Amino acid sequence: MDYIPETDPRCSTSAEDQLLAAEGSDDVKAMLGTLQQEQQEVIALRVVADLSVETTAAIMGKTPGAIKQLQHRALCRLRKLHPSLQDGASMKEGAS
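Colleague: Whenever I open this one, helix H3 (residues 37-48) confuses me. Can you help?
Modeller: One turn of the α-helix equals 3.6 residues, which is why residues spaced by three or four share an orientation. For H3, built from 12 residues, the straight-helix expectation of 16 Å at 1.5 Å per residue is met to within 8% by its first-to-last C-alpha distance of 15 Å. Among all positions of H3, only Gln39, Val42, Ile43, Leu45, Arg46 and Val47 are buried. One or two residues past the end of H3 sits Asp50, with phi positive at roughly 55°.

Okay, here's the thing in structure tokens:
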């Protein structure tokens, strides 16, 4: 039997999905504007473009570990600045 993440009832909404669903596009742009340039880029590539850690690392000229750390720091900063994102914050940090 194949695993289909979209139909797995154990999955919860990611912080990224919560952000995009709860806020208008202008608000999302404003929130992303609070991040450092590299953090904005990693969120755009990982979340918006849905690229893997490895592909994002190649594009940004960094190691996969550095990408995971950048993404983690960016999402932590967003949660700190926007406490409404803290509820149900199951994230895909570090996932390929």
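Colleague: Honestly, the nonpolar core in this entry has me stumped. Any pointers?
Modeller: Considering soluble globular proteins, one finds that nonpolar side chains tend to be buried as a cluster. Leu32, Leu35, Val42, Ile43, Met60, Ile67 and Leu78 are the most contacted members of the largest nonpolar core, which has 16 residues in total. Looking at this core, the elements that each hand over two or more residues are helix H2 (25-32), H3, helix H4 (53-60) and helix H5 (64-81). Here this core takes five residues from H5, the largest share from any one element. In contact with Leu32, other than residues within four places in its own chain, are Gln40, Ile43 and Leu78.

Colleague: For this particular structure, what's the right way to read unusual backbone geometry?
Modeller: Leaving glycine out, the prevailing phi sign among residues is negative, and the prevailing peptide bond configuration is trans. Positive phi outside glycine occurs at Asp50, with the angle close to 55°. Turning to its location among the elements, Asp50 is positioned in the loop between H3 and H4. For Asp50, a relative accessible area of 55% puts it in the exposed group.

Each value, and the rule that gives it
Residues numbered from 1 in each chain as written. Predicted model: local features only at pLDDT ≥ 70, side-chain atom pairs only at ≥ 80, totals over all residues. Heavy atoms only, no water. Helix = DSSP H or I, 4+ residues; strand = E, 2+ residues; numbered from the N terminus. Expected span 1.5 Å × (residues − 1). Buried < 20%, exposed > 50% of the residue type's maximum accessible area, 1.4 Å probe, protein only. Core = buried A, V, L, I, M, F, W, Y, C linked by side-chain atoms within 4.5 Å. Contact = heavy atoms within 4.5 Å.

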